[in-house]
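# Results of the structural survey
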Amino acid sequence: MSLDVYHRLRSRWVPDRAFGELMSKSWIDTAIPVLILVLAVGLCAGLVDGFVSTSSFSSMARLAGELALPAFGMALVMIAGGVDLSIGSVFALANFAVLFLLNVAKWPVAIAIPTVLLLTAACGAVNGLLIGYLKLRAFLTTLATLIILRAALDILAFYWGTEVVAGLPESRLWDLLADGSVASIPFNLVVALLLGLGLHILLTRMRLGWRISAVGGSRRSAYNAGINVRKTVFLTYFISGLLAGCGGILYAARLNSAGSATGVGLEITVLTAVVLGGTTLGGGRGSISKALLGTLIVVILTSALLRLELPSGFNSVLLGAALLFAVGLDVRWLKNKGKILSSVYVSPGYLALPGSPQIHAGSGTAYEMNDRLAAAEPVALGQLDGAEDLVFDLQDNLYTSDRHGNILRFAAPDYSVREVYAHIGGHPLGVHIAADGCLYTCVSGMGLYKVTPERDVVRLSDQTNRSLLSIIDDSRMRFADDMDFGPDGNVYFTEATIRYDVTDWATDCIEGRGNGRLLCYDPKSGATRTILRNRMFPNGVCMTNDGESLIYAETWACRISRFWFRGPTAGQIEVVIPDLPGYPDNIRRSSDGNFWVALLGVRSPALDLAMQMPDFRKRMTRRVAFEEWVYPNLNTGGIVKFSLQGTVLETLWDITGEHHPSVTSMREHKGYLWVGGIFNNRIGRLKLHGADPTYIDQLGRAGAAP
Amino acid sequence: MIGALSNLLDYATGQGAYSVSVPPMDGALRPNSALDKLAIVQRMPAVDNIAAFGDRFLFSAGGDLVECRTDRTGLRTIATFDSPITALAVREDGLVAVALDCGDLTFRRVDSGGDGNRQRLLSAGRGSVTALAFSRTGDLYACVGSALHPASAWKRDLMERGASGSVWRIAVHDFRTTRIAGDLAFPSGIAFDNGTIPVVAEAWRHRLLRVSESGTDVLFEDLPGYPGRLSSAQGGGYWLSVFARRSQIVEFVLREKPYRQRMMREIHEDHWLAPALRSGRSHLDPLQGGAIRALGIYKPWAPSLSYGLLVRLDANCQPIASWHSRADGERHGVTAAVEHNGEVLIACKGDGVLLSLPQRLYQT
């Protein structure tokens, strides 16, 4: 039993669910460079004397600002699927050119800088033309331009090498670039951060950025989607040249040197930074923030080496090793991320259900098995696929849904002709007709919708308030399930789970946690808010007649509860039936003032036991194919009639499960009980003896008189 | 030390001994619905074992010993025991050996009643005989499934990962017993190679062995099911009754000790997450995801805890043909098959039917 206590406490307090949810975030890729950055800082602070000091940080920040700009350019090119090796030479060219214009040609700073930027952008444009339009290979092309520009620079340096560094231009702007600060942050880092912000917005919020990612992700698909691939590729090299130029100008301002070693090996440093940041070599994935993180890591490591006063070769060794590490990590991460996610996302909890009542034939309980459902006459046989719920209009026409997103109508009186009444999408589950003739439906995957009598589909709600501490975005609706109209004009509806989609309902069962909620849509304001959280797959919901409370079924908890949403006891919850022998689904009113609840399936001891052993289920989800998992026994279903006090009045079963193996819904209409099942290919019609032959469900509803 | 560590690693990652993969049914074992197409000879609840002698068949069904002529006439119960019959064999001279679940062994003649003399197979522990066969020399060979549980508690023995079974030779004239092999994981079927060398089905290790006092040889391993009784086929080879198929979920449960222990303690044996001769008939039986009835159809390839499978093995114990009853079938839990007079009689204990496989369907 102590193991039992351990499982209970562990599943309650250890947040392994949060870990899985974090892994499902797209920004989790950035976590690795952040971790490396923290490790690098920690390591360097421990190993290098004087590493943690204002002066050291300030010089590193200045370096970072200079390096970040070409890194941004490289990141853009790489996200689009290319690589730009020429940036080292472009950087050096910008450095030389700006010094030449200022010191030799004596141009003013405000004119010299744009001129140089135009020059470097032109270099980028040449790369872009060759690679984007002429389809040359990025690696060799930029390698060639790297060599050509470097050679040209050497020739220039031969003629003007000494003149360019003679004297300093008298300019406040130049001084600011050289060693100015804004709020003690080096000015060049400020420039880099501002440009980075702009590029981030470009990349994530603007058309060009999306196109760049699309081209990198899949060139052919991007082309097929109508994106001008050539132009997009061209633009990335163009921007890369521009940014490398910016970096070169900042370098010139800081050092005022035109040595032949300027920018040598820069392309490797930048490449290392970008890949370490997590931008994929193959393109399609990456971000500006990743490039910045990578730059910081590289700057910290190289500065630390500098401070250790090791021979300069060590620097290259370190960079090379870091690049190899980053490339390896990138490949492994990309390959295994999905695998890790799928194995950690499911987080089974401890669930001890109360003992199940006996239901076998001859047990003498109120739930005793019988064959009454098997006698139901089939309707729409073979014309249904995913009819979770059903409803009638005042002309007795039958409405239901299918899993292709349609609302279907079968016209009275023979219900033989199937007509697509409206197409919504998603998988419509609960269907209800309001007093004004509008059909309301909870569409899993989409939200709350209505179909007007003119057959217009109207979206009522697809988001609710986001909770403060939820990691996954719980403002969107994933699995709207069933609803009822409140006496106040609001629509009360359930969302079965916020962690899984409709096709993964069984995984939510295996998880066995309270992942669902009860929501309320207010038609006056158009807003939806969450009124109850952490329910166990809340499924059916139904108003009671007091105008203050509703009852709802929690499927995996085999429980029906009553909730007061207004009045003096608002917020109170009372369990109506704590121990159903099966898994309850939709709840509907009966003509005698009681309630019907559909049983999706019945409990089996093997699963009940597994629900108390979270580790067992966790390993099961990891190792066993999902078709082989233990499920609730959905091949035996039934219908239970109960009173608001929780007394079970009668039960209808299909013992063999041939006709109605699993029942998800039923509705009493004019003396008949109509039975639907989401996995079934039929609806059943069963004559109810002694039932009110004039009863129409939507007219019996509190506060919804026609 | 290293062994313990690698065991721990396997446990954490689900590899090695903790891998739950099951060999596919392929080649000669490719699934079909052949068993479901066979004619039913007789519905007989709990029909278990079959033996043939001359112009008649003998069946065991619960505690009843039933006789029937090969032309299907004269069906009658010739003896009733106070304990279920677990194994049956007939010698060429008409001596019938009957093993009971309580552990006793009794002999009688085909034509006359027994002398009521019951022997206990000593040192078989609490176990009972799961299979009997006479060798050409007239000695009786017996498989004892487990030293801890009677044959009827086979499921518990599997779930406890039992390996206490043994194979015995019994000299009929003086009842002298010799243990030929021990520590077997539920030997459940026995036949003879050349009429003299015993071939044994070891159920929990899914393999067939040639057993002798000097040691055991593996003839065939990695069966996708649990092999049960073996009988000789005409023209060489054997008929192998596979009483349940292996499944990922059961392999997984077998590697989950805490769950198994609580399951055995708290749940009735019929509703365990374990192989069964028949499952899915009670609402308390565990259901697997792929077995949900969809659009009115129960898929034949749905995962199920019970299955019907009869395999024809050649003289080297390699499968050459198979007859199946899949998840949607109604001939599950094949416990015996005997070839006699141009037909194979098949007992499906799970569904309580006796089937006949005519010669034209198995001779190519």
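The structure contained in this document is the topic of the report that follows. (Residues numbered from 1 in each chain as written. Chains lettered and ligands numbered in written order. Predicted model: local features only at pLDDT ≥ 70, side-chain atom pairs only at ≥ 80, totals over all residues. Heavy atoms only, no water.)

From N to C terminus, chain B includes 6 helices and 25 strands. Over its C-alpha atoms chain B spans a radius of gyration of 20 Å, differing by no more than 12% from the 21 Å that the globule rule assigns to 364 residues. With respect to the principal axes defined by its C-alpha atoms, chain B has extents near 60 × 55 × 40 Å. Looking at chain B as a whole, 59% of its 364 residues are labelled buried. Sequence-distant contacts in chain B: of pairs separated by 6 or more residues, those separated by 24 or more amount to 51%. (Helix = DSSP H or I, 4+ residues; strand = E, 2+ residues; numbered from the N terminus. Rg over C-alpha atoms; globule rule 2.2 N^0.38 Å. Buried < 20%, exposed > 50% of the residue type's maximum accessible area, 1.4 Å probe, protein only. Contact = heavy atoms within 4.5 Å.)

Once that is clear, we can look at the sheet that holds strand E26 (residues 672-676) of chain A. Residue and element names in this part refer to chain A. The 4 strands lie next to each other as E3-E27-E26-E25, forming an open sheet whose pairing is antiparallel. The open sheet terminates on both sides in strands that have one partner only, identified here as strand E3 (377-379) and strand E25 (665-669). Direction aside, the axes of adjacent strands within the sheet are offset by 25 degrees on average. When E25 meets E26, the two strands line up antiparallel, connected through 5 bridges. Bridging across to E26, Met 666 finds its partner in Val 675. (Pairing = 2+ DSSP bridges. Axes fitted to C-alpha atoms, helices over the stretch in contact; angles between N-to-C directions.)

All names here are of chain B. An order of E1-E25-E24-E23 is seen for the 4 strands of this open sheet, with the pairing classed as antiparallel. With partners counted over all chains shown, the strands left at the sheet margins are strand E1 (39-43) and strand E23 (334-340), one partner each. With direction set aside, neighbouring strand axes in the sheet form an average angle of 25 degrees. In terms of strand pairing, strand E24 (residues 343-348) meets strand E25 (residues 353-358) through 6 bridges, oriented antiparallel. The residue of E25 that forms the bridge with Val 344 is Leu 357.

Let's shift gears to the nonpolar core. Ranked by size, the top nonpolar core spans 90 residues in total, and within it A:Phe72, A:Met74, A:Val98, A:Trp174, A:Leu177, A:Leu199 and A:Val270 carry the most contacts. It is helix H4 (residues 54-79) of chain A that provides the largest number of residues to this core, a total of 14 residues. Setting aside chain neighbours within four positions, we find A:Val270 in contact with A:Leu67, A:Pro70, A:Ala71, A:Met74 and A:Ile87. Counting 80 residues, the second largest nonpolar core, distinct from the first, contains A:Trp505, A:Val602, A:Leu634 and B:Ala185. (Core = buried A, V, L, I, M, F, W, Y, C linked by side-chain atoms within 4.5 Å.)

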